[in-house]
There are 2 protein chains.
Amino acid sequence: MAGKNLAGPQADALDLGAVFRALADEHRRSVMMQLAADRGDNERGCNSFDLPISKQTQTHHFRVLREAGLIDEIDYGNRKGVRLRRTDVEKKFPGLLALLEAQATGGAASC
Amino acid sequence: MAGKNLAGPQADALDLGAVFRALADEHRRSVMMQLAADRGDNERGCNSFDLPISKQTQTHHFRVLREAGLIDEIDYGNRKGVRLRRTDVEKKFPGLLALLEAQATGGAASC
DNA sequence: CTTCAGGTACGATTCAAGTCGTACCTGAAG
DNA sequence: CTTCAGGTACGACTTGAATCGTACCTGAAG
């Protein structure tokens, strides 16, 4: 029952281009903003993001995020978990998650 | 001889989606990394970036950067200047330029 | 076993984006 | 004036990405 962790790039192999390409999409950015805003880094279900797209497309988007090194996907067979790679992302691109979190909380132009 | 400043979005209207889309392209990211690395924010010529693309395509890329609110373009008629909107970008997306600068200096995985 | 929900694989479609060719404009230098 | 380099406008081409339809797989619950 222990899920297999699907492969993503190594922590030091994260590419800024791939990351920006991943975050260029509105749906993927929405996912990342929600993940960045949760400081507990809890594993979440794929359908907990309320994306207004079909499940095939969701599969595609989560794959892109994983291949960009932003998230881990845990495969349980008939279910899937998502977890933010906060440590790796923060080490390679410090401040990026704070940017996303700021957008998530709507605190962009404030103060 | 005084150049006209081509119109871009207001400082508080900068959109993170447009910014990420702009930075998703390798050439535009190269330009932004060079601009971010220059703390003097000097105005630069369009051909000072050594982009391996035709001049029509360069026009396109600089337009995208301007419409994303990342740079100002100063039109001199038969010449054009480029200047980073550091203050506006830093206010709306703090840390973003530092990210680009870190990539420019190759100091990503160091320390 | 069957059923069912969640997820994937593959292909097709549609659309946006990067690129360049041709033609034209602009200002400076002969 | 003419010439020339830098830049733009428009259109065409091409590639990549987002989306979904169909079919199939996986594990849990009856």
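Residues numbered from 1 in each chain as written. Chains lettered and ligands numbered in written order. Predicted model: local features only at pLDDT ≥ 70, side-chain atom pairs only at ≥ 80, totals over all residues. Heavy atoms only, no water.

Near DNA strand D, the surroundings consist of 20 residues, among which Arg28(A), Gln56(A), His61(A), Thr59(B) and Lys80(B) are the closest. At the protein interface, 58% of the atoms of DNA strand D within 4 Å belong to sugar or phosphate. Contact between DNA strand D and Thr57(A): a phosphate oxygen at 3.4 Å from a side-chain N or O atom of the residue. Within the side chain of Asn78(A), an N or O atom sits 3.4 Å from a base nitrogen of DNA strand D. Within the residue set of the surface near DNA strand D, elements represented by two or more residues are helix 2 (26–37) and helix 3 (55–67) of chain A together with helix 3 (55–67) of chain B. (Near = heavy atom within 4 Å. Polar contact = N/O pair within 3.5 Å; in protein donor to acceptor, adjacent residues only side chain to side chain. Helix = DSSP H or I, 4+ residues; strand = E, 2+ residues; numbered from the N terminus.)

What relates the pair of chain copies is a rotation about an axis plus a shift along that axis. When chain B is fitted to chain A, the best match, at an RMSD of 0.0 Å, comes from turning it 180° and sliding it 0.0 Å along the axis. Accordingly, the operation relating the two chain copies is best matched by a two-fold axis. An overlap of 100% is found between the interface residues of chain B and their copies at the interface of chain A, pointing to a shared contact surface. (Least-squares fit on C-alpha atoms with pLDDT ≥ 70 in both. Contact = heavy atoms within 4.5 Å.)

Residues and elements named next belong to chain B. Here Asp72 is to be found in strand 3 (residues 71–75). Of the buried charged residues, Asp72 lacks a salt bridge, with Arg85 as the closest side chain of opposite charge at 4.2 Å. With sequence-adjacent residues up to four places away left out, Asp72 is seen in contact with Asn5, Gly81, Val82, Arg83 and Arg85. (Buried < 20%, exposed > 50% of the residue type's maximum accessible area, 1.4 Å probe, protein only. Lys, Arg positive; Asp, Glu negative; His and termini not counted. Salt bridge = Lys/Arg side-chain N within 4 Å of Asp/Glu carboxyl O.)

Another point: the protein's contact with DNA strand C. Lining the immediate environment of DNA strand C, one finds 21 residues, of which Thr59(A), Lys80(A), Arg28(B), Gln56(B) and His61(B) sit closest. When atoms of DNA strand C within 4 Å of the protein are sorted by moiety, sugar and phosphate together comprise 60%. Contacts to DNA strand C include Arg63(A), whose side-chain N or O atom sits 2.9 Å from a phosphate oxygen. Take His60(B): an N or O atom from its side chain is 2.9 Å from a phosphate oxygen of DNA strand C. When contributions to the surface near DNA strand C are tallied by element, the ones reaching two or more residues are helix 3 of chain A together with helix 2 (26–37) and helix 3 of chain B. Taken together, the residues of the surface near DNA strand C sort by class into three nonpolar, eleven polar and seven charged. (Nonpolar A, V, L, I, M, F, W, Y, C, P; charged D, E, K, R; others polar.)

Sequence positions flagged by UniProt for "domain: HTH arsR-type" (unreviewed entry) are, in local numbering, residues 8–104 of chain A. In residues 8–104 of chain A, helix accounts for 51% and strand for 12%; the two terminal C-alpha atoms are 25 Å from one another. (UniProt positions renumbered as here; feature names shortened; annotations may be inferred.)

On to the nonpolar core, then. Grouped together as the largest cluster of nonpolar side chains are 56 residues, with contacts concentrated most on Met32(A), Leu70(A), Met32(B) and Leu70(B). Not counting residues up to four positions away in its chain, the partners in contact with Met32(A) are Leu23(A), Leu65(A), Leu70(A), Ile71(A), Leu84(A), Leu97(A) and Leu100(A). (Core = buried A, V, L, I, M, F, W, Y, C linked by side-chain atoms within 4.5 Å.)

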